Amino acid sequence: MLAALLQANPRDQEALYNLGMVYSDQGRLDEAQQLLRQATEVAPDHAHAWIALGVAYLRARNPGAARPALERALALEPRDPYALRTLGSLHAMTGDAAGAIGLLEQARALAPDDPIILLTLAQALLSQDPAAHAAAADGLLIRVLALSPQGALAEQAKNARRTIANHTFRSKAVGELRHDAILY
């Protein structure tokens, strides 16, 4: 239906945006990027089209192209939690934990029950300093599991909690046997 709408009106910004989103979700990333670029050309102030374009670039493992699209979205909508979340994810992916944490904290203030924001923030905290941020990250992960108890997010949260538990367990066992572990 969206393709038919575009045949009738190739500059229909909503059809370009929505079909680009569909293609991005289906993994048809080249087509998604093309449609979403067209959507941003037709409607340069459509922040969500810029976010969707950034997501399509990230899915294609092209953070260099994603960054300007996401920064443009954030310039248009500085308080958009999805723009903040996605740009924060990009910072985390490229090894900038401090930048990721700042953006994700802003996103969490706007959308405190978004499990993706919470999970990504926990992961960024752990990548920055696992020992210093273990308790805060674990609290975020527990909240993720409460909000999303099943599926891929839940599995990622459980794995991160296991990592925290292993790190905490090993850090307490420096040079000696742990009696609680032996008894267990």
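Higher on the page you've got the structure.
So, here's what we can say about the structure.

Size it by volume and the largest pocket reaches roughly 450 Å³. Along the walls of the largest pocket sit 18 residues, with V55, R59, R85, T86 and I116 positioned nearest its centre. When residues of the lining of the largest pocket are traced back to their parent elements, those giving at least two are α2 (13–26), α4 (47–59), α6 (81–93) and α8 (115–128). Among the elements that take part in the lining of the largest pocket, α4 stands out by supplying six residues, more than any other. Residues belonging to the lining of the largest pocket are distributed by class as follows: nine nonpolar, six polar and three charged.

To continue, consider the pattern of salt bridges. Taken as a whole and assessed by the stated rule, the structure comprises eight salt bridges. Among the salt bridges present, the one from E31 reaches R28, with a minimum N-O distance of 2.8 Å. The class of E31 is partly exposed, set by a relative accessible area of 33%. Taking the shortest distance from any N to any O, the salt bridge between R161 and D138 comes out at 2.5 Å. With R161 in helix α10 (residues 152–171) and D138 in helix α9 (residues 130–147), this pair connects stretches of sequence that are 23 residues apart. Here R161 falls in the partly exposed class, since its relative accessible area comes to 31%.

This part is about the packing of aromatic side chains. Tallied over the full model, the rule gives zero aromatic pairs. The cationic tip of R28 hangs over the ring face of Y23; the distance from NZ or CZ to the ring centre is 3.9 Å.

This part is about the side chain of D80. With respect to the secondary-structure elements, D80 resides in the loop between α5 (63–76) and α6. A distance of 2.9 Å separates the side chain of D80 from the side chain of H48, its partner in a polar contact. Among residues more than four places away in sequence, those in contact with D80 are H48, I51 and L110.

Cut-off values and rules
- Residues numbered from 1 in each chain as written.
- Predicted model: local features only at pLDDT ≥ 70, side-chain atom pairs only at ≥ 80, totals over all residues.
- Heavy atoms only, no water.
- 1 Å grid on protein atoms, 1.4 Å probe; cavity = no way out; pocket = protein on both sides within 12 Å on 5 of 7 lines; lining within 4 Å.
- Points joined across faces, edges and corners; volume = space filled by probe spheres on them.
- Helix = DSSP H or I, 4+ residues; strand = E, 2+ residues; numbered from the N terminus.
- Nonpolar A, V, L, I, M, F, W, Y, C, P; charged D, E, K, R; others polar.
- Salt bridge = Lys/Arg side-chain N within 4 Å of Asp/Glu carboxyl O.
- Buried < 20%, exposed > 50% of the residue type's maximum accessible area, 1.4 Å probe, protein only.
- Phe/Tyr/Trp six-rings, centres within 6.5 Å; stacked < 30°, edge-to-face > 60°.
- Lys NZ or Arg CZ within 6 Å of the ring centre and 35° of its normal.
- Polar contact = N/O pair within 3.5 Å; in protein donor to acceptor, adjacent residues only side chain to side chain.
- Contact = heavy atoms within 4.5 Å.

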